[in-house]
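Structural overview
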Amino acid sequence: MEDNEILLMKGNEAIAHAAIRCGCDGYFGYPITPQSEVLETLAMEKPWETTGMVVLQTESEVASINMLYGGAAIGKRVMTSSSSPGVALMQEGITYMAGAELPGLIVNVQRGGPGLGTIQPSQGDYFQSTRGGGNGDYNVIVLAPASVQEMADFVDLSFTLAFRYRNPVIMLSDGVIGQMMEKVVLPPFKPRRTDEEVIAECPWAATGMRGRGKNVVSSLELQPTAMEQHNLNLQRKYQEIKEKEVRYEEYQTEDADYLIVAFGSAARIALKAIELCRQKGIRVGMLRPITLWPFPTKRIAELADCMKGILSVEINAGQMVEDIRLAVEGRTPVSHYGRMGGIVPAPDEIVGAVEKMRA
Amino acid sequence: MINDDIIKPENLVYKKPALLNDTPMHYCPGCGHSVVHKLIAEVIDEMGMQETSVGISPVGCAVFAYSYIDIDWIEAAHGRAPAIACAAKRLNPKNLVFTYQGDGDLAGIGAAEAIHSLNRGDNIVIIYVNNAIYGMTGGQMAPTTLMGMKTSTCPYGRDAALHGYPLKITEMAAMMEGTCYVTRQAVSRAAYIRRAKQALRKAFEYSMQGKGSSIVEFVSTCSSGWKMSPEAANQWMEDNMFPYYKMGDLKDKGSN
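Summary of the structure given here. (Residues numbered from 1 in each chain as written. Chains lettered and ligands numbered in written order. Predicted model: local features only at pLDDT ≥ 70, side-chain atom pairs only at ≥ 80, totals over all residues.)

Notes on the overall build of chain A
Assigned secondary structure in chain A consists of 14 helices and 15 strands. On C-alpha atoms alone, chain A measures out to a radius of gyration of 21 Å, which is about the 21 Å that the 2.2 N^0.38 rule sets for 359 residues. Here chain A holds 359 residues, and 54% of them are scored as buried. (Helix = DSSP H or I, 4+ residues; strand = E, 2+ residues; numbered from the N terminus. Rg over C-alpha atoms; globule rule 2.2 N^0.38 Å. Buried ≥ 20, exposed ≤ 12 C-beta atoms within 10 Å, placed from the backbone.)

A closer look at the pairing of strand E15 (residues 334-338) of chain A
Residue and element names in this part refer to chain A. Judged by how many residues are buried, E15 sits mostly within the fold: 4 of 5 residues are covered. Strand direction decides the pairing type here: strand E14 (residues 309-314) and E15, joined by 5 bridges, are parallel. When the sheet's bridge partners are listed, Glu 314 is paired in E15 with Gly 338. Regarding the hand of the β-α-β motif, the stretch spanning E14, helix H13 (residues 320-328) and E15 is right-handed. (Pairing = 2+ DSSP bridges. Right-handed = clockwise from strand over helix to strand, strands pointing away.)

Thoughts on H13(A)
All names here are of chain A. Within H13 the residues assigned to the buried category are Met 320, Val 321, Asp 323, Ile 324, Ala 327 and Val 328. Here the buried residues of H13 occupy an arc of 155° about the axis, which is enough to place them on one side. Looking at the buried positions of H13, the neighbouring elements they touch are helix H6 (126-130), strand E11 (258-261), helix H12 (297-304), E14 and E15. Two residues or fewer after H13 comes Glu 329, characterised by a positive phi angle close to 50°. (Arc of directions from axis to C-beta. Contact = placed C-beta atoms within 7 Å.)

Brief notes about the packing of helix H2 (residues 33-46) of chain B against helix H9 (residues 190-208) of chain B
All names here are of chain B. The interhelical angle for the contact between H2 and H9, taken along N-to-C directions, is 50°, at an axis separation of 10 Å. Considering their axes alone, H2 and H9 lie oblique with respect to each other. Like other packed secondary-structure pairs, H2 and H9 cross with a definite hand, here right-handed. Residues Val 35, Leu 39, Ile 40, Glu 42 and Val 43 of H2 pack against Ile 193, Ala 196, Lys 197, Leu 200, Arg 201 and Phe 204 of H9. (Axes fitted to C-alpha atoms, helices over the stretch in contact; angles between N-to-C directions. Parallel < 35°, antiparallel > 145°, perpendicular 65-115°, else oblique. Left-handed = near helix turned anticlockwise from the far one by under 90°.)

A short note on the environment of Phe204(B)
All names here are of chain B. For Phe 204, the position within the fold is in helix H9. On a C-alpha basis, the gap between Phe 204 and Val 125 in space is 6.5 Å, while along the polypeptide they are 79 residues apart. Contact partners of Phe 204, with chain neighbours within four places excluded, come to Val 43, Met 47, Leu 96 and Val 125.

Section: the nonpolar core
Among the nonpolar cores identified, the biggest contains 183 residues, and Ala73(A), Ala270(A) and Ile84(B) are the most heavily contacted of them. Considering every element that reaches this core, the biggest residue donor is helix H7 (residues 148-165) of chain A, with 9 residues. In this structure, Ile84(B) is in contact with Asn66(A), Met67(A), Tyr69(A), Gly70(A), Ala73(A), Ile56(B), Ile74(B) and Ala76(B), ignoring residues within four places of it in sequence. (Core = buried A, V, L, I, M, F, W, Y, C linked by C-beta atoms within 7 Å.)

As for the sheet that holds strand E5 (residues 104-110) of chain A
All names here are of chain A. In space, the 7 strands of this open sheet follow the order E3-E2-E4-E5-E7-E6-E13, with mixed pairing throughout. Edge positions in the sheet fall to strand E3 (54-57) and strand E13 (291-293), since each has one partner strand and no second. Sheet twist, expressed as the mean angle between neighbouring strand axes with direction ignored, is 20°. For strand E6 (residues 141-143) and E13, the ladder comprises 2 bridges, and the chain directions are antiparallel.

Here's what the structure looks like:
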């Protein structure tokens with residue numbers, strides 16, 4: 001395919017093509033609906049014959065995330081993808097990666113839960129993703145794509161952030177964005193880094209000593225004072241990420257009396273709801289968080305002062321709404337509208353929720 | 001200084017391998033881990049691969065293996081070392097990559113990762129120290145605990161109806177197409193140590209020749225967990241462990 005060519009494909013396929021094109025060294029994944037096209041597309045494309053990228057179907061998500069740990073520990077750009085129950089299984093590896101400060105990309109094409117739940121879309125893993133998800137005090141950078149284009153664009157962005165901060169990054173997508181077909185321009189081709197470039201970029205990695213002292217990649221430290229210091233260093237890093245990496249998009253907030261906050265596919269539906277509200281004379285705008293962690297707390301707090309109410313639209317029972325309330329600190333009413341079990345909210349339901357706020 | 005005073009260079013016939021540093025080992029007296037560590041250090045040194053080796057250390061008594069052998073290391077989550085090694089090797093095939101795991105780590109919580117790595121023929125070596133007990137956590141029953149053997153979680157002895165049977169993971173490895181070298185060794189006697197070193201070297205060489213996966217099991221003791229003197233533990237191992245976990249090569253398809 002040509003550069004800048006407009007293609008039609010699924011979000012899951014876009015992730016696979018973007019991975020090959022942005023110098024990804026390895027993909028490790030286990031099939032699960034609704035994200036299996038990522039692995040299938042990579043298998044079809046055979047990047048091991050072109051860029052040298054390793055693609056491996058694993059025996060479990062536990063193996064996937066630990067292969068990610070192993071690849072990241074030697075400084076490689078590695079990724080996995082899964083859906084909610086599989087990502088639940090990966091939490092052990094994610095906390096080890098956070099503890100050992102390893103970069104890596106985990107794509108979660110969310111489906112409804114709890115448990116085996118359903119294969120239909122959901123945003124029910126917001127808490128799991130933004131609160132760490134595994135044991136201990138840590139955070140993972142969470143990006144929320146809302147289009148097939150962002151599925152493609154956020155792969156390289158995820159790797160950039162992951163290596164800038166030596167931290168795992170989650171792309172928190174959902175079954176809608178993963179499965180729907182849309183126009184996309186794939187990112188420009190970027191070669192994989194050479195061994196020398198990996199060593200230069202990752203002097204901490206277990207690449208083999210080759211003339212330096214030994215490197216040990218570990219999350220273990222039994223001395224409490226040293227372990228507390230490690231935790232303080234992590235917290236300082238998370239603070240820096242909060243200060244520098246908040247990303248969001250605003251839509252018609254300038255004249256809005258009411259604000260919808262929504263991410264991913266919920267934000268797409270909310271756009272239609274805003275159009276319907278404005279036809280009825282209700283001025284509604286939207287803030288779409290692109291990073292769910294770090295959360296756009298500051299901007300939402302600013303907007304709260306000029307809004308009569310804020311509505312969180314999510315495909316879950318109300319998870320992000322807690323972060324909005326923490327940002328707003330009671331200055332304006334905050335409500336939630338969401339559906340669960342694989343049902344996505346319809347635009348007129350969201351309009352109804354806005355009207356309820358006015359009453 | 002003191003060593004130099006006692007041992008004149010002209011009289012030196014044997015010394016600690018260069019890769020084994022001076023960090024005091026935390027292992028109990030009589031433990032096999034220190035000997036296995038020494039063999040790894042010797043073989044990597046003799047192969048000239050200090051600069052290009054990556055070890056994956058486990059959760060268990062050998063969690064601090066990285067403290068003692070001067071190569072690059074990755075510390076794994078419990079049982080996950082083979083998955084980590086798989087990626088570390090496939091993404092950097094020029095390196096020698098091995099895991100170091102105990103029986104709880106490998107045959108218990110990490111059985112799936114071990115079996116699939118072996119079956120995939122990952123060009124790695126699994127070094128498996130089997131002392132039939134969880135040492136680090138204080139002597140609980142392991143998947144390889146022998147029938148009737150007493151531990152803190154089977155204080156009346158391992159009972160088949162309750163606990164099932166001791167797992168022969170190495171025999172399972174021998175059945176798999178992906179493995180090229182499967183062997184069971186011990187380090188309780190000088191002759192065993194010499195043979196074990198050859199086995200280790202063979203496994204490392206096969207992995208660098210891309211012949212598939214290898215597993216080198218070391219049947220070992222845990223005098224603390226078994227509540228025996230080191231000497232009695234060695235004898236108990238030879239009397240009880242060796243008949244069930246039989247020594248020698250189970251498979252060697254790398255030589256042809």
